[in-house]
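# Per-entry structural report
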Amino acid sequence: MEITSFVLGMLTMVATLIVTAIVLGMVKISKLTKEQDSLHQLCAAIESDLRKEIDHIYRAMQSDNQDLWRQFETAGKDITMVEKTLMNQIEETKRYIDSRIDKVAAKGTKQVING
């Protein structure tokens, strides 16, 4: 009977240790599952914030790009207007010089005839 009691006592101790190990394992698994869930939520929040920031930067770059093209177009129009003004002034100067040359040539012809 002593051996049977000893064996039963040992088996009870082993069973208690196994049940304790199982319970501790379940508690750790539960804690790790909660921690994993909170990490997933944190990653999702970070990803969402990152996407919003990237979209904001992309929109700002598009706006800057559009502003830059508008400035290029305005500068091109200004350059064209200056070019037209200069061409008009050159044409007026040519006409003035031609008229002066014609006058001088006409006076020179009169003097040669009169002379």
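Report on the accompanying structure. What you see is a predicted model; the values in this text were computed from it and never measured.

## Overview of the pattern of salt bridges
- Summed over all chains, the structure comprises three salt bridges.
- With its nearest N and O atoms 3.9 Å apart, the salt bridge here joins Lys 94 to Glu 91. Of the two residues, Lys 94 and Glu 91 both sit in helix H1 (residues 2–114), three residues apart, roughly one turn of that helix.
- Judged by its relative accessible area of 47%, Lys 94 is partly exposed.

## Details of the packing of aromatic side chains
- In this structure the tally under the stated criterion is one aromatic pair.
- Plain terms: the ring middles of Trp 69 and Phe 72 are 5.5 Å apart, the flat faces sit at 70 degrees to each other, and that makes the pair edge-to-face. Residue Trp 69 and its partner Phe 72 are both found in helix H1; the two are separated by three residues, about one turn of the helix.

Rules and cut-offs
Residues numbered from 1 in each chain as written. Predicted model: local features only at pLDDT ≥ 70, side-chain atom pairs only at ≥ 80, totals over all residues. Heavy atoms only, no water. Salt bridge = Lys/Arg side-chain N within 4 Å of Asp/Glu carboxyl O. Helix = DSSP H or I, 4+ residues; strand = E, 2+ residues; numbered from the N terminus. Buried < 20%, exposed > 50% of the residue type's maximum accessible area, 1.4 Å probe, protein only. Phe/Tyr/Trp six-rings, centres within 6.5 Å; stacked < 30°, edge-to-face > 60°.

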